[in-house]
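# Coordinates in review
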Amino acid sequence: MPKKIDKINQEDNLILLTADAIKIPADYLTKEEIAYAVQMISGHKKENILFDRLGRYIFVQVIKEEKDSSKRLENCRKAGDALAARLNDLKAGSVVIVDVDGKAAETLALGEGMALGSYQFLKYRKERKEKENTLKSLGIQSKELKDETIERMNIIADAVMRCRDLVNEPVSHLSAGDLAKEFQKMGKEAGIKVEVLNKKKIESLKMGGLLAVNKGSTDPPTFTIMEWKPEKPVNKKPLVLVGKGVVFDTGGSNLKIGTFMYDMKCDMAGAATMAAALYAMAGLGLPVHVVGLMPATDNRIDANAIAPGDIIAMADGTTVEVMNTDAEGRLILADALSYAKKLNPGLVITAATLTGAASRAIGKYGIVAMQTGAANDMERLKECGDKVYERIAEFPFWDEYGELIKSEIADIKNIGGPDAGMITAGKFLAHFTDYPFIHLDIAGPAFIDKKDSYRTAGGTGMGVRLLVEFAERMVVRR
Ligand code: BES
Ligand code: MN
Ligand code: ZN
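Quick caveat, the model's predicted, so the values are computed rather than measured.

How each quantity is defined
- By convention here, each chain's residues receive numbers from 1 onward along its written sequence.
- Chains and ligands are labelled by the order in which they are written, letters from A for the one and numbers from 1 for the other.
- Residue-level local features of this predicted model are given only where pLDDT is at least 70; pairs of side-chain atoms are given and counted only at 80 or more, and the full residue set underlies all totals for whole chains, interfaces and linings.
- Just so you know, side-chain values use all the structure's heavy atoms and leave hydrogens and water out.
- Whether a residue is buried, partly exposed or exposed follows from its accessible area with a 1.4 Å probe, protein chains only, as a fraction of its type maximum: under 20%, in between, or over 50%, in that order.
- Strands are runs of DSSP state E lasting at least two residues, helices are runs of H or I lasting at least four, and both sets are numbered from the N terminus onward.
- When DSSP finds at least two bridges between two strands, those strands are taken to pair.
- By disulfide we mean two sulfur atoms from cysteines, separated by a distance within 2.5 Å.
- Listed donors are limited to N, O and S atoms within 2.8 Å of the metal, widened to 3.2 Å for Na, K and Ca; water is not among them, so incomplete-looking sites are possible.
- Angular criteria define each label, namely tetrahedral for four donors with all angles between 85 and 135 degrees, square planar for four and octahedral for six donors with opposite donors over 155 degrees apart and remaining angles between 65 and 115, and irregular for whatever fails these tests.
- A single heavy atom is enough: if one lies within 4 Å of a molecule or strand, its residue is considered near that molecule or strand.
- Whenever a nitrogen or oxygen atom comes within 3.5 Å of another N or O atom, the pair is scored as a polar contact, on the condition that within protein one atom can donate a hydrogen and the other can accept it, and that pairs from neighbouring residues in sequence are kept only if both atoms are in side chains.
- Note on areas: these come from Shrake-Rupley sampling with a 1.4 Å probe, and a residue is covered only by the protein chains present in the view.
- Residue type decides the class: Asp, Glu, Lys and Arg count as charged, Ala, Val, Leu, Ile, Met, Phe, Trp, Tyr, Cys and Pro as nonpolar, and the leftover types, Gly among them, as polar.
- Domain limits in this description derive from either an automatic procedure or a database domain assignment.
- In this analysis, two residues are considered to be in contact whenever any of their non-hydrogen atoms come within 4.5 Å of each other.
- The term buried area means the drop in 1.4 Å probe accessible area that two parts suffer when joined, counted for both and summed.
- Salt bridges are defined as contacts in which a side-chain nitrogen from Lys or Arg sits within 4 Å of a carboxyl oxygen from Asp or Glu.

### Section: the pairing of strand β2 (residues 14-18)
Summarising burial for β2: 5 of the 5 residues are buried, a large majority. Neither face of β2 is open: one carries L14, L16 and T18, the other I15 and L17, and all of them are buried. Of the pairings in the sheet, the one linking β2 to strand β4 (residues 56-62) comprises 5 bridges and is parallel in character. The residue of β4 that forms the bridge with T18 is V62. Here β2 runs beside strand β5 (residues 94-99); their pairing, made up of 4 bridges, is parallel. Across the sheet, residue L14 finds its bridge partner in β5, namely V96.

Right, dumping it as structure tokens:
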């Protein structure tokens, strides 16, 4: 994690970050080296060059010209990731980023990309010592950047990595109970109040959706409630974050086919995202009242598992015809959304790896979103998304989509037919709300097979930086 550094030592490896290599002071490079850097960068369209001074590495890294600040900062994060990879290849142990031009945001973004791109999940590898990154220490030298700005970034990056850790953990090592324990640990560290409802309590609350999905499992479900309530919150009504915690999704009786099951340990990414976002908000001491609700279970096939056609009663009394047991996320989220009514929320946001349709629509590059009664918050969320590059693609949420989940024999059914699956899933959730509501379908970006710059392979933690930025905006707005 980056630390602020005041003085540079003769032996420090350096990244000289600048828009124009000509601005590099003579303290770092000779006149000839600077001229060479300028020539290589402008003449050969390179973004960085490396001076190897007998094993002391000095990179000149140019900030590409880009008017759009969202893209410019993302370029910096990506450059940071690429530099971290090169320094690890060179077996470097440390480096200092030098902010030559006094550009705080760009420098910080570079550091952020280095930190996030350096994430590794090696706990199950015998040869983890050899595989481990050599780059352990990251300094930032910048007149413009305050200590607390760097600290803020570290807290958020740490939360992103906590989210990734949880998502990468397979169900063999992370049952619904284990997930709840992890949330308790995170709460303890950050000073968040955590309550875990067990199966008995879930039964007494008649959470029929969560219990129905859990019927095929040998492990009991959990329902975790996390509350961050600072002394003088800026919001009277809490922000409620609801996350899907399906620790493994086999599809149930509608068993997943082909390769559709292999990465389904990621189906608790929504819950992990919300817990990690809360963890960061508390770590930052944000004066925002936030409650997290994380229903969790696995979705398995078993003699006692729910069957297609079953009718279940949800926590709010709504009856649901379960047409497809693989549409389980909405069943467990619905009970959490009913629970949220009791909290008198100002806004409820869900995060869920909910539909393959969302993933097919926009892929891994952004988050599918819908809203009801929260148009202004959605606009703000989009701005936050551009800033942190966890972009939002808002989908229509017209009433007609709601017609598609009407059932002949129950109040609603849990699938809406072949079209617009991410929207009918959203409509199912909205049925259980009576407050401003934003739904985020992260099925595309939550988990990736191959590293995509600083989004490392496996769980990406996508959504955490977005939600923390959004909560911070609630404070600044006033
Ligand atoms: N967890 C899946 C959605 C998913 C797909 C997440 C790909 C991440 C990557 C969800 O529970 C599911 O199975 N959805 C079904 C819904 C369908 C039965 C209406 C789907 O999308 O196929
Ligand atoms: Mn499913
Ligand atoms: Zn699922």
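### Some remarks on the state of the cysteines
All chains considered together, the criterion is met by 0 disulfides. Of the cysteine sulfurs around C76, a residue in no disulfide, the closest is that of C384, at 19 Å. On the basis of relative accessible area, C76 is assigned to the buried category, the value being 4%. Free cysteine: C266, not disulfide-bonded; nearest cysteine sulfur from C163 at 11 Å.

### A few points about the coordination of the manganese ion (ligand 2)
Distances from the manganese ion (ligand 2) to its protein donors, namely D249 (OD), D326 (O), D326 (OD) and E328 (OE), fall within the range 2.1 to 2.2 Å. Between the 6 donor atoms coordinating the manganese ion (ligand 2), the angles at the centre fall across 71 to 170 degrees, so the site counts as irregular. Here the donor residues for the manganese ion (ligand 2) map to a single chain with the spacing D-x76-D-x1-E. The distance between the manganese ion (ligand 2) and the zinc ion (ligand 3) comes to 3.1 Å, and D249 binds to both of them. Of the two residues, D249 is situated in strand β10 (residues 245-249) and D326 in the loop between β13 (319-322) and α10 (329-341); the sequence distance between them amounts to 77 residues. D326 gets classed as partly exposed once you look at its relative accessible area, which sits at 23%.

### Describing the pairing of strand β3 (residues 48-53)
Where β3 meets β4, 6 bridges bridge the pair, whose relative direction is antiparallel. Across the sheet, N48 pairs through a bridge with Q61, a residue of β4. In sequence, β3 turns back onto β4 through a hairpin of 2 residues, with L54 there showing a positive phi of about 50 degrees.

### Remarks on the site of ligand 1
What surrounds ligand 1 is a group of 15 residues, the closest being K256, D267, D326, E328 and G356. For ligand 1, an oxygen atom lies 2.9 Å from a polar atom in the side chain of D249. In this structure, L354 approaches ligand 1 through a main-chain N or O atom, which is 3.4 Å from a nitrogen atom. Starting from 520 Å² of accessible surface for ligand 1 in isolation, the protein chains cover 78%. Of the residues that constitute the shell around ligand 1, the class distribution is 4 nonpolar, 4 polar and 7 charged.

### Focus: the domain arrangement of the chain
Domains assigned within the chain are domain 1 (2-141) and domain 2 (155-475). When each unit is reduced to the centre of its C-alpha atoms, the spacing between domain 1 and domain 2 is 37 Å. Facing the 15 residues of domain 1 at the interface are 19 residues of domain 2. The contact between domain 1 and domain 2 buries some 1600 Å² in all, and 58% of this surface belongs to carbon and sulfur atoms. Remark: the boundary between domain 1 and domain 2 carries 4 salt bridges. Here R455 and E74 are joined by a salt bridge, their closest N and O atoms 3.7 Å apart. Scanning the region where domain 1 abuts domain 2 turns up 10 residue pairs in polar contact (both at pLDDT 80 or more). Elements that contribute at least two residues to the side of domain 1 that touches domain 2 include exactly α2 (69-89) and α3 (104-117). Tallying contributions element by element places α2 first for the side of domain 1 that touches domain 2, with 6 residues. Considered class by class, the residues forming the side of domain 1 that touches domain 2 number 5 nonpolar, 3 polar and 7 charged.

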